[in-house]
Structure formats: C-alpha cells, structure tokens
Amino acid sequence: MVAVLGEVDSRSGPVLHTRLREHIRLAGPDLIVDLTAVSFLGIAGLATLMAVWEATVTAEVEFIVVAHTRAVLRPLRLTGLDRKFDVIPSLAACHAPQA
C-alpha cells in the first residue's frame, strides 16, 4: 500500500508516478493507493492514476484507490476514472469479505 498526503499536482504528480510504478513490481496481487489524506487532486494527479492503472492492467495487478473526500472523489467521478478502477471508502473495505 502507498499512502499519499497533501496535494497531488503538477509538482508532486511525477514523483507519485515514479513511486507507484516502483510498487507495481512489488505489489503482488494488488496495488492499493490510499488517498484519504489528499487535500487536492489535480490534472497531473489524475493523469498519474490513469497511467499507473494502465500499467497495472498490463502487469495483471489489481489497482485499488482508497478515497472518501470530495477533493478526491469529485475529480475521479467527473473524469470517469472511478469506473476504470476500484475506489473504496476505507482500507477496512479492502479487506472485507466479498458477499
């Protein structure tokens, strides 16, 4: 799991992209990105999530985003990214048994 804090914008987006790409090789079955402490998700952050999601599809790794704030959910919904990969409200939901 990778926890992200603060703003994901044009300055931090490339750093996040590099860090997440490194975790794809290490993640095993899932790459979980915790965005619950993100206060701003800009275009660069959205592009980063999309690029990393595409890399996980290629690597056959599940990509899960943990988010529950408007600052993150709204841009994900407006761009349709919330339909590309799993967006869950908490880490507990990630480990909940499937019905």
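Before reading further, recall that the structure is shown in the block above.
Small disclaimer: the values here were computed from a predicted structure and weren't measured. (Residues numbered from 1 in each chain as written. Predicted model: local features only at pLDDT ≥ 70, side-chain atom pairs only at ≥ 80, totals over all residues. Heavy atoms only, no water.)

A. Looking closely at the packing of aromatic side chains. One pass over the structure, following the stated rule, counts one aromatic pair. Centre to centre, the rings of Phe-63 and Phe-85 are 4.9 Å apart; their planes meet at 85°, and the pair counts as edge-to-face. Linking Phe-63 in strand S3 (residues 62–66) with Phe-85 in the loop between helix H3 (70–79) and strand S4 (86–88), this pair joins segments that are 22 residues apart in sequence. The class for Phe-85 is buried, based on a relative accessible area of 4%. (Phe/Tyr/Trp six-rings, centres within 6.5 Å; stacked < 30°, edge-to-face > 60°. Helix = DSSP H or I, 4+ residues; strand = E, 2+ residues; numbered from the N terminus. Buried < 20%, exposed > 50% of the residue type's maximum accessible area, 1.4 Å probe, protein only.)

B. Inspection of the pairing of S3 at higher detail. Buried residues dominate S3, accounting for four of its five residues. One ladder, built from five bridges, connects strand S2 (residues 30–41) with S3; its direction is parallel. Paired with Leu-31 across the strands is Phe-63, a residue of S3. Here S3 runs beside S4; their pairing, made up of three bridges, is parallel. Its bridge partner lying in S4, Val-66 is registered against Ile-88. You can see the chain leave S3, run along H3 and come back into S4, and the turn it takes is right-handed. (Pairing = 2+ DSSP bridges. Right-handed = clockwise from strand over helix to strand, strands pointing away.)

C. Looking closely at helix H2 (residues 43–59). For H2, with 17 residues, the first-to-last C-alpha span of 24 Å sits near the 24 Å given by 1.5 Å per residue. Among the residues making up H2, those that are buried are Gly-45, Leu-46, Thr-48, Leu-49, Val-52, Trp-53, Ala-55 and Thr-56. Taken from the residues just after H2, Glu-60 is the one with a positive phi, measuring 60°. (Expected span 1.5 Å × (residues − 1).)

D. Focus on the environment of Ala-67. Positionally, Ala-67 belongs in the loop between S3 and H3. The class of Ala-67 is buried, set by a relative accessible area of 3%. If near-sequence neighbours (up to four positions away) are discounted, Ala-67 is found in contact with Leu-35, Thr-36, Val-72, Leu-73, Val-87, Ile-88 and Pro-89. (Contact = heavy atoms within 4.5 Å.)

E. Geometry of the sheet that holds S2. On the basis of which strands lie adjacent, the open sheet formed by four strands has the order S1-S2-S3-S4 and parallel pairing. With partners counted over all chains shown, the strands left at the sheet margins are strand S1 (2–8) and S4, one partner each. Geometrically, the sheet is characterised by an average inter-axis angle of 30° between neighbouring strands, direction not taken into account. As paired elements, S1 and S2 share six bridges and run parallel to each other. Looking at S2, one finds that Leu-5 is bridged to Ala-37. Along the sheet face, H2 touches S1, S2 and S3 and points at about 175° away from the line of S2. Where H3 meets the sheet, its contacts fall on S2, S3 and S4, and the angle it forms with S2 comes to roughly 110°. (Axes fitted to C-alpha atoms, helices over the stretch in contact; angles between N-to-C directions.)

Purely spatial values, then, with no claim about function.
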